[in-house]
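Report on the structure
Now for the letters of each chain:
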Amino acid sequence: LKTPLPENWRPCKVDSDDIYYFNFQTGESIWDHPLDEKFKALYRRENKKRLDGRPFKKAPDDETYEFIHGHPPKKDEQKKEDKGEKGSPPEQETAGYSDSENTDIQNKGESEASAAKLDSKDTDTTLGDTKGLHIPKAGATFTRDGYTSVIMEKYTGIIEDTEIIDHARWLGIDPDTDKQLMWIAEACLEAPLPPCWRPCKVVDSDEVYYFNFQTGESIWDHPLDEKFKALFHRENKKRLDGRPFKKAPDDETYEFIHGHPPKKEKKKKDKGEKGSLPEPLTKA
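Okay, so let's go over this structure. Predicted, not measured: the structure shown is a model, and the values here were computed from it.

This next bit is on the environment of Phe228. Considering the arrangement of structural elements, one finds Phe228 in helix H5 (residues 225–240). The spatial distance from the C-alpha of Phe228 to the C-alpha of Thr253 is 9.4 Å, given a sequence separation of 25 residues. The contact partners of Phe228, leaving out residues within four places of it in the chain, are Leu171, Ile184, Ala187, Cys188, Ala191 and Ile257.

Okay, here's the thing in structure tokens:
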């Protein structure tokens, strides 16, 4: 409750006294505090340590701040150590990584990303731009926080109606009264993961979570669940107000969820026989 909002986020109120949060940089709007999911993940992490009998956090510190905000807290710079010439910056720490090693996991200092030791060098780039990261393919294992996890295959089978109904309820959609918006639940189940995210399962358990191999963040819920919840709240409000609302996914809803428009396939121009090269010119 005391934590500041992330940059560019502001609390807003509509005429109906409903409070929501709006990002003035991306245009995103959500009902819940932007950091709620981070604090849920922090609670699950520390509670698991407690239940396992391991040391756990009993008060906030720099590590928990970085876990929530993605960067360490700014230190008071009033006290500066005398290092020769006044105002000279200290040497940068490299955390033991060379430039060539940074392709395995980007150097994040003491963050959790640098603590994930990959057991496989087979790179998986099937889920978007991984910016040179070596992410193991499905079936490979990696070690983090003393636990070994296996990267799971993305489910590509037929999505059952019961799965759609269950996920709709999870997103806050009532299958009976919100039938015209049930497409949102189905679209959520079919949505590809954002770049660098992979579904993982702790070995010898049934615990499934999502891990970001670039930032080191791990969460229990699908990374796009909150986006689809926000999409439902937006379209449902239009419906209840009697305004036009989306009844199927389109390019605008794709951009709302993923932050960019869908990639369009370039159509090849018809140049004679499909795929044939032009005939070489010969002098008469």
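So much for the structure itself; the text now carries on.
With that settled, the discussion passes to the pattern of salt bridges. All chains considered together, the criterion is met by 20 salt bridges. Arg239 is the salt-bridge partner of Asp178, the closest N and O atoms lying 2.7 Å from each other. On the criterion of sequence distance, the pair formed by Asp178 in the loop between helix H3 (161–171) and helix H4 (183–190) and Arg239 in helix H5 is long-range, its members being 61 residues apart. Asp178 gets classed as buried once you look at its relative accessible area, which sits at 7%. Judged by its relative accessible area of 21%, Arg239 is partly exposed.

It is worth spelling out the pairing of strand S2 (residues 19–23) at this point. With 5 bridges connecting them, strand S1 (residues 9–13) and S2 associate as antiparallel partners. Considered in S2, the bridge of Arg10 is made with Phe22. Across 2 bridges, the pairing between S2 and strand S3 (residues 29–30) is antiparallel. Note that in S3 the partner of Tyr21 across the bridge is Ile30. Counting the residues in the hairpin turn of S2 and S3 gives 5 residues, including Gly27, whose phi is positive at 85 degrees.

All told, the structure shown has 6 aromatic pairs when counted by the stated rule. Taking the centre distance of 6.3 Å and the plane angle of 70 degrees together, the rings of Tyr20 and Trp31 count as edge-to-face. Here the residue Tyr20 occupies a position in strand S2, and Trp31 occupies one in the loop between S3 and helix H1 (36–51), the gap between them amounting to 11 residues. With relative accessibility at 22%, the residue Tyr20 sits in the partly exposed group. Here the aromatic cluster, defined as three or more aromatic residues joined through ring pairs, consists of Phe142, Phe211 and Phe213.

Let us now look at helix H6 (residues 251–258). Every buried residue of H6 is listed here: Thr253, Phe256 and Ile257. Projected down its long axis, H6 shows its buried positions confined to an angular sector of 95 degrees, all on one face. Structurally, H6 contributes buried residues whose contacts are with S3, H4 and H5. Where H6 starts, the residue carrying a side-chain oxygen 3.1 Å from the main-chain nitrogen of Glu252 turns out to be Asp250. Gly259, located one to two residues past H6, shows a positive phi value of around 85 degrees.

Quick look at the packing of H3 against H5 now. Look at H3 against H5: their axes get within 9 Å of each other, and the N-to-C directions meet at 80 degrees. Our classification of the angle between H3 and H5 gives roughly perpendicular. Seen from H3, the contacting residues are His167, Trp170 and Leu171; seen from H5, they are Asp225, Phe228, Lys229 and Phe232. For the contact of H3 with H5, a count of residues per class yields 4 nonpolar, 1 polar and 2 charged.

Cut-offs applied
- Residues numbered from 1 in each chain as written.
- Predicted model: local features only at pLDDT ≥ 70, side-chain atom pairs only at ≥ 80, totals over all residues.
- Heavy atoms only, no water.
- Helix = DSSP H or I, 4+ residues; strand = E, 2+ residues; numbered from the N terminus.
- Contact = heavy atoms within 4.5 Å.
- Salt bridge = Lys/Arg side-chain N within 4 Å of Asp/Glu carboxyl O.
- Buried < 20%, exposed > 50% of the residue type's maximum accessible area, 1.4 Å probe, protein only.
- Pairing = 2+ DSSP bridges.
- Phe/Tyr/Trp six-rings, centres within 6.5 Å; stacked < 30°, edge-to-face > 60°.
- Arc of directions from axis to C-beta.
- Polar contact = N/O pair within 3.5 Å; in protein donor to acceptor, adjacent residues only side chain to side chain.
- Axes fitted to C-alpha atoms, helices over the stretch in contact; angles between N-to-C directions.
- Parallel < 35°, antiparallel > 145°, perpendicular 65-115°, else oblique.
- Nonpolar A, V, L, I, M, F, W, Y, C, P; charged D, E, K, R; others polar.

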